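Observations on chain architecture
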Amino acid sequence: MTVWLDLLKPTLKQIRRPKNTILRFVVKFFPPDHTQLLEELTRYLFALQIKHDLASGRLTCNDSTAALLVSHIVQSEMGDFDEVQSWQHLLHNKYIPDQDALRDKITENHRKHVGQTPAESDYHLLEIARRLEMYGVRLHPAKDREGTKLSLAVAHTGVLVLQGHTKINAFNWSKIRKLSFKRKRFLIKLRPDLNQSTHHDTLEFVMASRDCCKIFWKICVEYHAFFRLFEEPKPKPKPVLFTRGSSFRFSGRTQKQVIDYVKDSEFKKVPFERKHSKIQSSFYPQPSLPRSQVPKESAMSVDQTDSRLGRRGESTQGGQEEPGSAASPAAGRPNGFQDGPGPAPEEGRGQRSNPARPQHAEHLNTGVLSGSPILPDSPAAGGPVLVNGSGQSASLGLGQSPEDQQPSPLTSPLLTDTGYVRTDDEDEARRKKFPTDKAYFIAKELLTTERTFLKDLEVITVSFPSLVGKDEALPESLRSLVSASYNPVHSFHLAFLKEVEQRLALWEGRSNAHIKGDYQRIGDLMLKNIQGLKQLTVHLQRHPEVLLEVERSCRTSRKLEGLCRDFEQQKVCYLPLNIFLLRPLHRLLHYKLILERLCKHYPPTHEDFRDSRAALADVSEMVVQLHGTMIKMENFQKLLELKKDLTGIDNLAVPGREFIRLGCLSKLSGKGLQQRMFFLFSDCLVYTSRGMTPANQFKVHGQLPLYDMTIRESEAEWGVPHSFTLFGQRQSLVVAASSSSEMEKWVEDIRMAIDLAEQSSGPSTDLLSSSLTDSKSPEEGGLEQESEEELCASRTSLERQAPHRGNTTVHVCWHRNTSVSMVDFSVAVENHLSGNLLRKFKNSNGWQKLWVVFTNFSLFFYKSHQDDYPLASLPLLGYSVTVPSESENIHKDYVFKLHFKSHVYYFRSESEYTFERWMEVIRSATCSSSRAVPHSRKDPHPY
């Protein structure tokens, strides 16, 4: 008889006859969505379990599916097809009971897997297996009231009833009111069904013994708690006088707690790389671990328990069963894996390999022996940060090399100390010599942001033509349009920057000025150059045309599209290319805001006030003139950016469609609460899940047209915090937000979007590609009859899309479980800041001087303003910005603190004005609470 070990109790108390007991490593909770098993070693362990279930006959399927499954197993062990070796391998290794009859089909499928790595084979194996009816099902013999032999099983969806290997009934958790047992009878009490006239409130099954009933009841309790509850249930207090009923509770982290734990902890990823084992005689491939890195007990378990490898915490012994929880009490490690609510860990696209940290044994012990499948390291768990999805441009920790990087868009930058000078007070004396007038620091903000803006212009005028123009893929008409539109603007700002630098040098007293007061102003310089910039309005008006032409050319030329995608992978292109195309228009907004602050600071009698006021009037006139075009192009640019992050959509950027909000919500289904990425547009709501493409794109599951949609808060109805129900024409969804404020944003924006859709001409056209429908998502389609073509279709899922940037706002929202509206994006366009800051980690002593650029909800870090590309980035969504407390012993002026969970960073500015400005712009990215009213940018008129 098979029982689960309770890892909170001593093993000897649970094993009555140790000599007759066999321990096996077995997967306990099978994830309904294999794409959330993100670490390669974890997928390998689950693949081993699938292989064992196939060989034992527990996982049944039709011949075509069985042949396809075995072909992926053989590919993972042997590599590419070789007729002689493959035939010999199948003769010596049995993967399914009737393998000989399917040998030709297996080899035929194996031929198609050329170039597939072992990791990809594991992924496809799980992709196919999860669709099978017997996936993760363990049978418990029973009988119904008429004495018919049946089997009971439990899954993430609820309790199953099977006859042989065929499922004949299923009771979803939402339909079950209570599970109990009385002696040999197992009872399922159901909620009333108002749609049926005859309803059986209680179903009864007879099992072999009371112990069998109790064992199955305990497993049901564990499954329900693991997949459905937000928190680990508290133990039932023991009564003083007498007991009634069982006090058994699930012990260990629930699905949500596991994911949250990984996001909050400093959990590091284990170096592990699957290799072709080319085994000819043994049943299972062994993990490619150096023998010296595996402790004796783990090595014995791995090498001597062939069919037990990849299994966990299960003992087989004669006599009475004593099941228990498979939770791990040790080392605070995660206790299982599942698809559920809350933020999912980041999906990695590479493995670190660091021989100085041999942790293979720890992972085998944590993920197998203790009953805790391994989760990937979280984006907030100390992995390096991506700049534009490129590991080469990511920040480096001490002792790391670029090859060691695990891409993550969410970790805080860990710039190495090597090559940096610790600057505790080296600039203190020099700063004291600077002017203290607020106008000086406003002028200095103009200087620092102008330097960054000129670098951004060079991305379009220098870097983009040099890369894309190499293969002559750029049409001559587009090349001429880019050159004619941006080169004059670049030349103008180059001269403007030189004048600003000279003026600031005079203002600081770093040159021989005959009359000091003549140079302590900036309004005259702004007025002169803005009047010059007005002469370039005809070029600025062409910039939206360039954006449209680039998109049009990419649609007609695959080669140009690939080159543009490759350019976005370059370190110099640290933002989406389309953002750079609109930078000159956004710079007008920056000038306007700088001049507004300057005019507000000056009294009307100040000598610089008149020039500053005149410059403000001129730039405001330009903003008004270009305002409508700017808003439309920002929406168009955002739709183009989202298109790169989504797969399964035919045409997103259509006329009339406006983007409103994107973010994470948990979708309630038969599988429980599942994290989904939602995209709200002016005509529809699209929900997606993160896929396993190299670019980690989001796979569209369904679309809800907003026309005739209604929305209702439903926390009391479903018992799920912050939940609401969306009722569409053909489908309804129950979703839950991460907090009450997030729910308020979504509900308000959806209601506003519904009103807009009602005012439009009618229902929108279908947004999705022909392979999907808006009424039925692939995950909810039930267990349909699968064909060999459908199962083979997943083979190309890893190479379907070429990679692009991996640190987009969409991915940050996914990992931080938050949302962003179009209003937030518009505010981010205006809140642009750059300059020198001193940076200090939580536990470090000195300060490091860095050039920091704030844009697009992120901080980008450079050694100096002359660098062409950033060394690291820090997305700020989810972070909090505060002032350090006295207990933190930061005895410096103008210091602000950034913190997210366990990550804390201190930044020190040079003056009160710059301190306030940094706090202001960072709060705009960290404390976003905007509602997404279309075209809601504030009035461009200054007064």
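Right above here is the structure, for reference.
These figures come from a predicted structure and were not determined experimentally. (Residues numbered from 1 in each chain as written. Predicted model: local features only at pLDDT ≥ 70, side-chain atom pairs only at ≥ 80, totals over all residues. Heavy atoms only, no water.)

Tallying secondary structure elements over the chain gives 26 helices and 26 strands in all. Within the chain, contacts between residues separated by at least 24 positions form 71% of all contacts whose residues are at least 6 apart in sequence. Accessible surface, the chain as shown: approximately 39,300 Å² in total, 50% of it carbon and sulfur. (Helix = DSSP H or I, 4+ residues; strand = E, 2+ residues; numbered from the N terminus. Contact = heavy atoms within 4.5 Å. Areas by Shrake-Rupley, 256 points an atom, 1.4 Å probe, with all protein chains shown as cover.)

Three or four residues apart is the spacing at which side chains of an α-helix point the same way, because the helix has 3.6 residues per turn. Taking 1.5 Å of rise per residue, the 16 residues of helix H3 (residues 63–78) would be expected to cover 22 Å, and the 22 Å separating its terminal C-alpha atoms lies within 8% of that figure. In terms of residue burial, H3 counts as a mostly covered element, since 14 of its 16 residues are buried. Capping the start of H3, asparagine 62 holds a side-chain oxygen 3.3 Å from the backbone nitrogen of serine 64, two or three residues further along. The first or second residue beyond H3 is glycine 79, which carries a positive phi of 95°. (Expected span 1.5 Å × (residues − 1). Buried < 20%, exposed > 50% of the residue type's maximum accessible area, 1.4 Å probe, protein only. Polar contact = N/O pair within 3.5 Å; in protein donor to acceptor, adjacent residues only side chain to side chain.)

Turning next to unusual backbone geometry. Phi angles above zero are rare outside glycine, and asparagine 856 is one such case at about 55°. Residue placement: asparagine 856 occurs in the loop between strand E21 (848–855) and strand E22 (858–862). Given the relative accessible area of 15%, asparagine 856 is considered buried.

Topologically, lysine 897 is positioned in strand E25 (residues 895–900). The exposure class assigned to lysine 897 is buried, which follows from its relative accessible area of 14%. Side-chain polar atoms of lysine 897 contact the side chain of glutamate 888, separated by 3.0 Å. Among all residues touching lysine 897, those that are not within four sequence positions of it are Ser880, Val881, Thr882, Pro884, Glu888, Val904, Tyr905 and Tyr906.

Before going further, it helps to spend a moment on the packing of helix H16 (residues 543–556) against helix H17 (residues 558–568). Across the interface, H16 lies against H17 with an axial gap of 5 Å and an inter-helix angle of 120°. The angle between H16 and H17 falls in the class oblique. For the pair H16 and H17, the sense of crossing is left-handed. In contact with Ser553, Cys554 and Thr556 of H16, H17 contributes Arg558, Leu560, Glu561 and Cys564. Each residue belonging to the contact of H16 with H17 can be placed in one class, and the counts come to 3 nonpolar, 2 polar and 2 charged. (Axes fitted to C-alpha atoms, helices over the stretch in contact; angles between N-to-C directions. Parallel < 35°, antiparallel > 145°, perpendicular 65-115°, else oblique. Left-handed = near helix turned anticlockwise from the far one by under 90°. Nonpolar A, V, L, I, M, F, W, Y, C, P; charged D, E, K, R; others polar.)

Time to look at the sheet that holds strand E26 (residues 903–908). Across the sheet, 7 strands lie side by side as E23-E22-E21-E20-E26-E25-E24; this open sheet has antiparallel pairing. The open sheet has two edge strands, strand E23 (872–875) and strand E24 (880–882), and neither has a second partner. Pairwise comparison of adjacent strand axes, ignoring direction, gives a mean angle of 35° for this sheet. Examined bridge by bridge, E24 and E25 share 3 bridges and lie antiparallel to one another. Considered in E25, the bridge of threonine 882 is made with lysine 897. (Pairing = 2+ DSSP bridges.)

With that settled, consider the packing of helix H4 (residues 83–92) against helix H5 (residues 103–110). Viewed as axis vectors pointing N to C, H4 and H5 meet at an angle of 135°, and their least axial separation amounts to 11 Å. Relative to H5, the element H4 lies oblique. Where H4 crosses over H5, the handedness of that crossing is right-handed. Note on element contacts: H5 touches H4 through Arg103, Asp104, Ile106, Thr107 and His110, opposite Ser86, Trp87, Leu90 and Leu91. Its residues assigned to classes, the contact of H4 with H5 shows 4 nonpolar, 3 polar and 2 charged.

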